[in-house]
Amino acid sequence: MPQLRRVSALLLALSCGLAAASPATDLFDIVTRSVEKGYYGWSTVDRVALAQKYAPILAERCAEQLESCDYDTGRAVITDMLKELGDAHTNVRDAEGAERLAEVSQNKSVPRTGARVSRVAGGLLVVSVMPASPAERAGVRRFDLLTRINGEQAGTDQPIGPNEFVRLERANTPITVTLHRAGSPDRDLILSSQNLQARDEPTLSWVGEGGRTALIQYPTFLSSDSAELFLARVGEAKQANAEALIVDLRYNGGGSLNECVAASSVFGPTVYRARFERGGFTYGGLLGDEVMSPIARMARPDWAVWKQPVALLIGPNTASCAEVFTHYAQLSGATAIGEVTRGVGNSGVNFQPLPDGGVLGLTILKAFDAADRPLPDRITPDILAPTDIALLTTTGQDTTLDAALNVLKAQVTKKQFPQTEPSAPPKQGLDGR
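Keep in mind that what you see is a predicted model, and the values were worked out from it rather than measured.

Chemist: Can you break down the side chain of D398 residue by residue, with the values?
Modeler: You can see D398 is positioned in the loop between α12 (389–394) and α13 (399–416). For D398, a relative accessible area of 8% gives the class buried. Ignoring sequence-local partners within four residues, the contact set of D398 consists of F143, R250, T387 and L392.

Here is the structure:
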């Protein structure tokens, strides 16, 4: 009976909207009200019924703590609830996640090693290395595998993941890592941190036969200069007479809409329509810059900074604005290669602060093209070529990049040596002469 009374008391508090009943119920009440009133996405789930379903779940979990039920408990229930909503753009982040978002979007200076990692089977895969960073000076390369961090196992279902690695960086103390590289014996390194910009910039390198194909790693659209930086790298590739371009978006989780629309217009004019619950807004991009939408609409389709063959590398970590970028680049003739993307490219979010110091990412817009057709939620590659992580970390072979190089080689050859129609035989008279 005492247990039943506690559950009933908390249910009553929730039903009456008493947000101050506990930190957990406070958080739950704020999020459910925001989602009920402010959500404008593609999910058709009944949001009121969803909140009513999860209120007793929260009550049960808070039955022992009552008014002291903490934010973590509330956030765990909210996370499960929002998964059932079925819109991955709408989610909650704790205070640490909110701070990481602010660091990148505001380009703060923070302690970093310069290595950005992603959790995979067997360790943390280094997906980018900032030039002139401690990680680069220590000899860390892209697609190295960090199998142990300070003596603890890293990777899928292991104690150490990307969040733990970042925490160690921010602590500004030496980090001992065990580095695995294809074709080399494992070795231990000590990585130090120094104050670096939080966001990673697009970087240019050269691949393929004769090193004539430009490869731009494009890590994020969060920073306010991400399109400008991309345009600069494309300009460097043009100046060096690159015969083809590859843009690697496999670990780009998105960012600012105006930045990805502007960046995609490197390949042709871009018009993106955002429809809100009340009204809408149209973004325009032309020649790598943000412009008024009527200017983008009136531009000729062949107005582009880059007109040579281009391939985009995509995968399950390609999300949101990176999917928008890919879609518009495809419309301009780019070939998408890799795996199906995450699937949130047809909507946009706004971030709302929460009382626990975290943020609610709330879907507030649906995305349409210039002809008012919904954008695809996810990108299906033109050529399916998954990145084989096991092969990448054991032999160094990048299966997705290899597929892109093969495609571009054929496109470059076709461009250099276009097929011509066979000439027609001379006309003959009725007598055959």
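After that view, the rundown keeps rolling.
Chemist: Report on the sheet that holds strand β20 (residues 383–384), specifying residues and quantitative values.
Modeler: Taking strand neighbours across the sheet as the criterion, the six strands line up as β10-β11-β12-β16-β17-β20 in an open arrangement whose pairing is mixed. Edge positions in the sheet fall to β10 (203–207) and β20, since each of these pairs with one other strand and no more. As paired strands, strand β16 (residues 310–314) and strand β17 (residues 335–338) are joined by four bridges and run parallel to one another. By the bridge assignment, L313 is partnered in β17 with I337. Sitting on the sheet, helix α8 (residues 226–239) touches β10, β11 (213–217) and β12 (244–248), and the angle it makes with β10 is about 30°. Against the sheet, helix α11 (residues 321–331) contacts β12, β16 and β17, and its axis sits at roughly 155° relative to β16.

Chemist: Pulling in residues and values, what's your account of the packing of helix α2 (residues 23–38) against helix α3 (residues 47–61)?
Modeler: The relative placement of two packed helices comes down to the angle between their axes together with the axis-to-axis distance. Here α2 crosses α3 at 170°, and the two axes come no closer than 10 Å. The orientation of α2 with respect to α3, classified from their angle, is roughly antiparallel. Across the interface between the two elements, A24, T25, F28, T32, V35 and E36 of α2 pack against R47, V48, A51, Y54, A55 and L58 of α3. Residues belonging to the contact of α2 with α3 are distributed by class as follows: eight nonpolar, two polar and two charged.

Chemist: Can you lay out the pattern of salt bridges for me, pointing to particular residues and giving the numbers?
Modeler: What the rule picks out here adds up to 27 salt bridges. With a shortest N-O distance of 3.1 Å, E103 and R100 are connected by a salt bridge. Placement of the pair is E103 and R100 together in helix α5 (residues 95–105), with a separation of three residues, close to one helical turn. Here E103 makes a salt bridge to R170, at a shortest N to O gap of 2.7 Å. One end of the pair, E103, is in helix α5; the other, R170, is in helix α7 (residues 162–170), with 67 residues separating them in the sequence. Residue classification places R170 among the partly exposed residues on the basis of a relative accessible area of 22%. Put simply, E96, R100, E103, E164, R167, E169 and R170 are held in one network by salt bridges that share partners.

Reading guide: rules and limits
Residues numbered from 1 in each chain as written. Predicted model: local features only at pLDDT ≥ 70, side-chain atom pairs only at ≥ 80, totals over all residues. Heavy atoms only, no water. Helix = DSSP H or I, 4+ residues; strand = E, 2+ residues; numbered from the N terminus. Buried < 20%, exposed > 50% of the residue type's maximum accessible area, 1.4 Å probe, protein only. Contact = heavy atoms within 4.5 Å. Pairing = 2+ DSSP bridges. Axes fitted to C-alpha atoms, helices over the stretch in contact; angles between N-to-C directions. Parallel < 35°, antiparallel > 145°, perpendicular 65-115°, else oblique. Nonpolar A, V, L, I, M, F, W, Y, C, P; charged D, E, K, R; others polar. Salt bridge = Lys/Arg side-chain N within 4 Å of Asp/Glu carboxyl O.

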